[in-house]
Amino acid sequence: MATNEMMTGNLAAAWGARLAEVDYVPAFPITPQTEIVEALAGWCDNGDLAARFVTLDSEHSMMTAAGAAAATGARVFTATSSQGLLYAFEVLYTIAGWRVPLVLVNVSRALASPITLEPDHNDVLAARDSGFLQIHVETCQEVLDSILMAYRIAEDPRVCLPAMVNLDGFYLSFTREPVMRPDPEQVRAFLPPYRPPHLGLKASAPQALGVAVLGGAAYSYFRHQMHLASVNALAVHQEVAADFARLFGRRYDLIEDYRLEGAEDVLVMSNAFASKGKAAVDAARARGRRVGLLRLRVIRPWPAEAIVAALKGRRAVAVLDQNLAPGLGGILFQEVAASLSHAPTRPRALCSYIGGLGGKNISDAEFESIFAQTAEAGVRGQGIGPVLLYTEEERREMEQLLATAGTTNKELSAFSSQQSAGGPKLKADN
Amino acid sequence: MIKKRLNIRMSGLGGQGAVTAAHVMAMAASKDGKFAISNPFFGAEKRMAPAESYCRIGIERIYDRGELVFPDVIEVFHPQVITMGKSYTMPFYSGIKEGGLVIINSDAPLLTEEDIQRLNDLHVAVFYINGTQVALEVAGTELSTNMTMIGSVAGITKCVSMHALDLALQERFGKKFVASGGTATLDEAIKKKFAKKEMLLQKNLDTVKRAYEMGVEWAEKNKYELQVAAMAAA
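Just so you know, the residues in each chain are numbered from 1, in the order the chain's sequence is written. Here every chain gets a letter starting at A, and every ligand a number starting at 1, in the order they are written. In keeping with the model being predicted, local features are shown solely for residues with a pLDDT of at least 70 and side-chain atom pairs are shown and tallied solely at 80 or more, while totals for entire chains, interfaces and linings include all residues. Heavy atoms throughout the structure, all of them, feed into the side-chain values; hydrogens and water do not.

**Brief notes about the confidence of the model for chain A**
Per-residue confidence from the predictor is reported as pLDDT, a score between 0 and 100. On average, residues of chain A carry a pLDDT of 94, and 96% of them reach 70 or more. Two residues form a contact once any of their heavy atoms are found within 4.5 Å. Every residue in residues 420–430 of chain A is under pLDDT 50, and counting partners more than four places away or in other chains gives 27 contacts.

Following this line, the structure appears as structure tokens:
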């Protein structure tokens, strides 16, 4: 029987793995992910989950073990975050090339330096070219549901690639909200046990995976196969989404349309902060602004067609990136802009915003400023950005901190002028 | 004041159970049929370091998440939040809404004249409860201090019912004993384990109840009203 519970995003992730009846869980702890592997360790220990739970010495070993176990035909789950994901980086690419369909949950946490524990997406987006599929989620419910969907998509013979499900640290990982826990029998109907005919690495039948291929032609062939397989995942996702909706009543598409009907200007966001964006759209609509929100959900493969269909013909589009590529700007802005460059009726203006870095709050006033500036850019026919969302109050506090640290007045004024050069100042709300 | 949503910010120190308190409140509100969401904020996970948690309870779907900037209620779990500035926001009451409520666990007043003046200007009520003492008296351990913070805010605002709190505590700290259906020896062993758990559960519940009554009494005496509207009938 399905039950409704107040669950953290981390527990929802653990339940996703449990309901998928995974066989093997290699683990290494890192805040804010640890609760996931802790819950799984407990269930493996008391027999609630018939899986082998193994602690490894690092994320590098953990991902290697995960890939190797998946190559034997086992259903594998693991989780990490931030620095841990980076430590596993070499292996991400390697096992994606092995074409093993495991699921990795990444709990987003901003990268060092300086060190923080709160989320932004520089960690997960750094892995966007690894060959892993990427699903970015907004709610605790979507965490659980997306893990089940990710196994179906990854294990599909047309795909055979590992998948990453991304949830924001704190904003989802430690946030408790209502989650409908599906009935295990129904999950079995949706996601039958994994019995791949092509994977079966074992001691008595040795195989070589990912061997050396010099000269480039064989290499190009296999890498391009990965690309085609990833693109296949777009159609497979939609089939799986339809099945999921039929069984569980919840529908997830490649992208999410929030009040796009009749919207002149559109704000593009991803992950948990999109909830705040939706509230801001409601508030702006109530004030008479015709705005909507497009949430990017499946980021690899990149659903260019769906994005263009949602954004073409709009007056202006603003992409709010919760990441920063130094020397470039927002990562997702570039990808959205590239998709739109071939659109027949592309928006008159594209605006790029950087916000929520290191989990920084985005206030109602900042959202309102985005809507106002984007509308103006649309009228003008010229986009702006990258603009860093940073309120006057935050700037004052930062100046105080710098002064406490002994920063000179000259350096302080340089800081202020850099801030204003970064784009229009945004007022703090009160 | 009757509101569609009550935003509660709990400022405590690592180890005091502020995170658990917000989770239990949200679980209880959900059991009452309301919309609820809770989350913590902390840095280093160590004892006595600042730890904050947030609980939003309302009658409409809640899109807001993460840091709670504009709370209706602030609960201070430990005097050091105020006296040593162990708070992520300075002063600890920054962002509090007009007509809001501050609940402080302390045996003595802690606010400066300036603090009192600023809170008065915003018509914010302040309720001091010696929660640690109440926890020691009722539960025999100061570890139950967080239960007094749950009880007092529930008693004053009625944002969650005592019945729902009872259910939420059972869910959080272990359900009541159910026979295993195995051997009598096995049942006996499980019963012993559960007996201790049940006793702890009962003590925590008693602590919540005591603080709830203190909250009710204080609100009546001071004619203070801050509540969440009732859910529309389904």
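**A word on the pairing of strand E2 (residues 5–13) of chain B**
Residue and element names in this part refer to chain B. With eight of its nine residues buried, E2 lies for the most part within the structure. By definition, two strands form a pair when at least two bridges between them are found by DSSP. Working definition: helices are DSSP H or I runs of at least four residues, strands are E runs of at least two. Numbering for both runs from the N terminus. Of the strand pairs in this sheet, E2 and strand E4 (residues 50–58) are connected by nine bridges, and their pairing is antiparallel. The partner of Ile 8 across the bridge, within E4, is Cys 55. One ladder, built from four bridges, connects E2 with strand E5 (residues 73–76); its direction is parallel. Paired with Arg 9 across the two strands is Ile 74, which belongs to E5. Accessible area is worked out with a 1.4 Å probe on protein chains only. A residue is then buried under 20% of its type maximum, exposed over 50%, and partly exposed in between.

**Notes on the interface of chain B and chain A**
Often, the extent of an interface is quoted as the loss of accessible area upon association of its parts. The interface is formed by 21 residues belonging to chain B together with 24 residues belonging to chain A. Summed over both partners, the accessible area lost on bringing two parts together, with a 1.4 Å probe, is the buried area. Both faces considered, chain B and chain A share a buried interface measuring about 1,900 Å² in area, 56% of it formed by carbon and sulfur atoms. Any Lys or Arg side-chain nitrogen found within 4 Å of a carboxyl oxygen on Asp or Glu counts as a salt bridge. With a shortest N-O distance of 3.1 Å, B:Arg65 and A:Glu177 are connected by a salt bridge. Contacts described as polar in this section are N or O atom pairs within 3.5 Å, which, within protein, must combine one atom able to donate a hydrogen with one able to accept it, while residues neighboring in sequence count only if both atoms come from side chains. Along the contact surface separating chain B from chain A lie five residue pairs in polar contact (both at pLDDT 80 or more). Put simply, the parts of the chain that give the side of chain B that touches chain A at least two residues each are helix H1 (18–31) and strand E3 (35–42) of chain B. In terms of residue count, the dominant contributor to the side of chain B that touches chain A is E3(B) (seven residues). Throughout this entry, Asp, Glu, Lys and Arg are counted as charged residues, while Ala, Val, Leu, Ile, Met, Phe, Trp, Tyr, Cys and Pro are counted as nonpolar. The remaining residues, Gly among them, count as polar. Taken together, the residues that form the side of chain B that touches chain A break down as eleven nonpolar, six polar and four charged.

**Observations regarding the sheet that holds strand E6 (residues 133–136) of chain A**
Residue and element names in this part refer to chain A. Pairing within the open sheet is mixed, and its five strands lie in the order E4-E5-E7-E6-E12. Looking at the sheet topology across the chains shown, the edges are occupied by strand E4 (77–80) and strand E12 (298–300). With strand direction ignored, the average angle separating the axes of adjacent strands in the sheet is 25 degrees. As defined by bridge partners, strand E5 (residues 103–108) adjoins strand E7 (residues 163–168) across six bridges and the pair is classed as parallel. What counts as an axis is a line fitted to C-alpha atoms, over the stretch in contact for a helix, and the angles between N-to-C directions run from 0 to 180 degrees.

**Some words on the packing of aromatic side chains**
Only the six-membered ring of Trp is used, alongside the rings of Phe and Tyr, when aromatic pairs are assigned; centres must lie within 6.5 Å, and planes under 30 degrees apart are stacked while those over 60 apart are edge-to-face, with the rest tilted. A complete count under the given rule lists 17 aromatic pairs over all chains for this structure. Plain terms: the ring middles of A:Tyr258 and B:Tyr63 are 6.1 Å apart, the flat faces sit at 65 degrees to each other, and that makes the pair edge-to-face. With A:Tyr258 in strand E9 (residues 255–258) and B:Tyr63 in the loop between E4 and E5, this pair bridges two chains. By the burial criterion, A:Tyr258 is buried, and B:Tyr63 matches it. In textbook terms, an aromatic cluster arises when at least three aromatic residues are bridged by ring pairs, as seen for A:Phe170, A:Phe174, B:Phe41, B:Phe42 and B:Tyr88. Put simply, a charge is over a ring when the Lys NZ or the Arg CZ is close to the ring centre, within 6 Å, and near the line of the ring normal, within 35 degrees. Its end group placed over the ring of A:Tyr151, A:Arg75 keeps NZ or CZ at 5.5 Å from the ring centre. For the cation-ring pair, A:Arg152 lies above A:Phe190, with the distance from its terminal atom to the ring centre recorded as 4.8 Å.

**Here we look at the sheet that holds E9(A)**
Residue and element names in this part refer to chain A. Taken in spatial order, the six strands line up as E9-E11-E10-E13-E14-E15 in an open sheet, and their pairing is mixed. Edge strands, defined here as strands with exactly one partner in the open sheet, are E9 and strand E15 (387–388). The pairing of strand E10 (residues 265–270) with strand E11 (residues 291–296) spans six bridges and is parallel. Bridge pairing links Ser 270 to Leu 296 in E11. Against the sheet, helix H11 (residues 304–311) makes contact with E9, E10, E11 and strand E13 (316–321), and its axis sits at roughly 175 degrees relative to E11, the strand it touches most.

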